[in-house]
Amino acid sequence: MPSSWAAHSCHLLARLAHPVLWFPQVAVFNVPQEAAMAFPHLQQPSFLLASLKADSVNKPFAQRCQDLAKVIEDFPAKELHAIFPWLVESIFGSLDGVLVGWNLRCLQGRVSPVEYSIAMEFLDPGGPMMKLVYKLQAEDYKFDFPVSYLPGPVKASIQERVLPDSPLYHNKVQFPPTGGLGLNLALNPFEYYMFFFALSLITQKPLPGTLHIRTSDCAYFILVDRYLSWFLPTEGSVLPALSSSPGGPNPSPAPRTPTMPFASYGLHHTSLLKRHISHQTSVNADPASHEIWRSETLLQVFVEMWLHHYSLEMYQKMQSPHAKLEVLHYRLSVSSALHSPAQPSLQALHAYQESFTPTEEHVLVVRLLLKHLHAFSNSLKPEQVSPSTHSHATSPLEEFKRAAVPRFVQQKLYLFLQHCFGHWPLDASFRAVLEMWLSYLQPWRYAPEKQAQSSDCQARCVSERWAPFVQENLLMYTKLFVGFLSRALRTDLVSPKNALMVFRVAKVFAQPNLAEMIQKGEQLFLEPELVIPHRQHRLFTAPTFTGSFLSSWPPAVTDASFKVKSHVYSLEGQDCKYTPMFGPEVRTLVLRLAQLITQAKQTAKSISDQCGESTAGRPFLSWLGFCSTDANGSYAANDLDEMGQDSVRKTDEYLEKALEYLCQMFRLSEAQLTQLTLALGTTQDENGKKQLPDCVVGEDGLILTPLGRYQIINGLRRFDIEYQGDSELQPIRSYEIASLVRVLFRLSSAINRRFAGPMAALCSRADFLGSFCRYHLTEPGLADRHLLSPVARGCAARRPRGPRLSLRFLGSYRTLLSLLLAFFVASLFCIGPLPCALLLVLGYLLYAVAMTLLTERSKLHHL
């Protein structure tokens, strides 16, 4: 009997896995029902799951996706709900990052075109995977998502039984059953799918350093763009409908009673979507009212998973000195954390948020989200933009466009940017964060009227219609600009990449009329309070974001000053100390940056001149290996040497334009710049070279000042360091043959030991022969070399070195190649190797005689 049961089980498994092959004459949609009737005791979804798991190991990727599409099309939701969690995890990877799934972040069309096209077709918003989501959505299935994998602030809040402010988590938290471990969220299929999709950007391991993958070409990046275009359309008033969605789209499931007590941040308002539907009496209701919940969910999931890693409450607490001191005590006591009681709330939240570090790929995806949200919000028709036109007849999609950025994104993006500005390394990778910030600051770039504007970027002026956006995002412009200044003052502006970042920020903020808008916003914030007390108290409190975005809409605030104050106080707290962007403190920072820009321009020019001199001043015979090469090498404090003269030109252009834009924004005069430049001592000395770093003379030599350390770190000044040891004992260079250099060193050492006396006697002669020997057997310019220390250069005694023969130049690849080339050219003129060698020796003797006479004449001239 057991063997018969096993045979029937295997047979059924094969039939379920390949319904078309085993039932060619039966309709496909009747296969599961027939199997269930024939074997009622085997009606378990685990058989389908086991079959798909086996196929995932044994079948190629294309065949697996084809089979999955057939299973999704043929099987009912009752059978598919068991495979849904496994399928989502197999695609996006596990939440702990161990399983990578389909590795969408590395999948590129130009590298793996077949797999890429199959995966994109399967995961497309209108593809089989979304059909599965809507199939399960119609049956109101729920799937558990562990709270432990949520972003730090959300996880900490839920674990302390405080409901997060996002409506995404309302009525979804489930208390673990008796003996269960951890809290879970009960998510509908669409939410569950989007949670995994968004978190795969965070939880998966970073890409290996050896893989140079362009993020914008990856399947994950393109999928994000497709989902945004599908669920947040910029054209049309209705979302694209799925033609094959079973049962049609369904509204969001009704909220359930929470299973554990929470101290909520505010009241639970009913969704405006449901109010909109309840007031509809016509059969031909706006289809957008049935689709808007997907758009709302998508945006909330992306914002929560990608931006909510630093809470507003923690940020505001961290501004006070008391909180900073508490955090310092916490850091000092980390080593004893295992033996201490539970952490206080502030310390626990800080511990959660401190460890989060976004990647460059993460930032690029967030920038894509911001750009699309601007285009989405700006797609409102002109008559729909004004708040005065807001009425009950406005469609939910239009209301969502108006509320998407200020209601969902602004607060969390500000905290995310603050975290990046404060924790990102001081290198060129910050460009990704910078462009994300600048994209948010310029919504007019993604407005429909952009195409109608002139192509001349200099003549383009920021329209007054964007003044409310600038004022309601004042901190995004002012405080983050100050944060960028503090970073720019600590970076090497000689580097073209860093110079480009300064240029980009200066160019954006110098757009016509933008600085005036920012100044107007600061004036509105700093003007005296003229509102009545009860209104001031009611509106200056931090706004709550509970309920759906379509909650009871707050009354329109016409007082521009009040809007700006509400924005600043909601993010920084009512006890914040605001630093005006055009005030004296920031102006001082701008002047310091202008000084550094001038210094960097001079440094780049100095490095360029030095490289040109080292190339142009090289004698011709040094290419043949007959003259000693410079063993010190060139100055390499930045990437100018690697990129060449074109890089120097770009750096100079970027810094020149950045300085021009800064002077335009803050009304700096040429006299101010000249005076401050001279005060820092950036003038050049009489030889046209940069001065030494700022230092003072101590007992043991020069001591760097803090300014001198800054100048060295940023490549603004340097000491002239030369190799002053034995030239024969220098490290073997990359252009030398190591074994040959060692052999030649032993040979020359033996000759020097054997003929030390005769060589000394020859060099001591006062006639031409003595001069000729001194030219070849002594190091040229030895007496003229500077000491390592610039102090008391003529006081230190040198160890005397006698005349000696050096054959090291014969171990150079360049020397050997030059000799081979000479013999090859001689062979073309029918000159044999021996006559060629004699000609080379004769030519060198003539050159040496001439150089000896010139050297002796120069010595007599100096005497």
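As the structure is a computational prediction, the values presented were derived from the model and not from experiment.

This brings us to the pattern of salt bridges. Inspection of the entire model under this criterion finds 16 salt bridges. For the salt bridge of K59 with D55, the shortest nitrogen-to-oxygen distance reads 3.8 Å. The class for K59 is buried, based on a relative accessible area of 18%. The exposure class assigned to D55 is buried, which follows from its relative accessible area of 12%. What emerges from the salt-bridge pattern is a single network uniting D55, K59 and D67.

Bringing unusual backbone geometry into the picture now. One non-glycine residue, D140, adopts positive backbone phi at about 60 degrees. The residue D140 is located in the loop between α9 (128-137) and β1 (143-146) in this model. Take D140: its relative accessible area is 46%, and that puts it in the partly exposed class. A positive phi angle is found at C830, which is not glycine, with a value near 60 degrees. By secondary structure assignment, the location of C830 is in the loop between α36 (813-828) and α37 (833-862).

With respect to the helices, strands and loops of the structure, L807 is situated in the loop between α35 (768-777) and α36. A sequence separation of 60 residues divides L807 from L747, and the C-alpha atoms of the two residues are 8.1 Å apart. Beyond its immediate chain neighbours, meaning those up to four positions away, L807 contacts L744, L747 and S748.

The next thing to look at is the sheet that holds β1. The three strands lie next to each other as β1-β3-β2, forming an open sheet whose pairing is antiparallel. Pairing within the sheet leaves two strands with one partner each, and these edge strands are β1 and β2 (173-174). Inspection of the sheet shows β2 paired to strand β3 (residues 184-187) by two bridges, in the antiparallel sense. Paired with V173 across the two strands is L185, which belongs to β3.

Attention now moves to the state of the cysteines. For the structure shown, the criterion picks out zero disulfides. Free of any disulfide, C106 has its nearest cysteine sulfur in C218, 6.5 Å distant.

Detailed conclusions should not be drawn from predicted coordinates in areas where pLDDT is low. In this model, the chain carries an average pLDDT of 74, and 66% of its residues clear a pLDDT of 70 or more. Residue range residues 334-354 is modelled with pLDDT below 50. Its contacts to residues more than four positions away, or to other chains, number 30 contacts. Scored below 50 in pLDDT, residues 454-459 shows four contacts in the model against residues more than four places distant or in partner chains.

Y193, M194, F302, W306 and W437 are the most contacted members of the largest nonpolar core, which totals 171 residues. The element best represented in this core is helix α20 (residues 396-423), accounting for 13 residues. Non-local contacts of W306, meaning those with residues more than four positions away in its chain, are made with A198, L201, I202, Y220, V224, H362, V365, V366, L369 and F416.

Rules behind the numbers
- Residues numbered from 1 in each chain as written.
- Predicted model: local features only at pLDDT ≥ 70, side-chain atom pairs only at ≥ 80, totals over all residues.
- Heavy atoms only, no water.
- Salt bridge = Lys/Arg side-chain N within 4 Å of Asp/Glu carboxyl O.
- Buried < 20%, exposed > 50% of the residue type's maximum accessible area, 1.4 Å probe, protein only.
- Helix = DSSP H or I, 4+ residues; strand = E, 2+ residues; numbered from the N terminus.
- Contact = heavy atoms within 4.5 Å.
- Pairing = 2+ DSSP bridges.
- Disulfide = S-S within 2.5 Å.
- pLDDT = per-residue confidence, 0-100.
- Core = buried A, V, L, I, M, F, W, Y, C linked by side-chain atoms within 4.5 Å.

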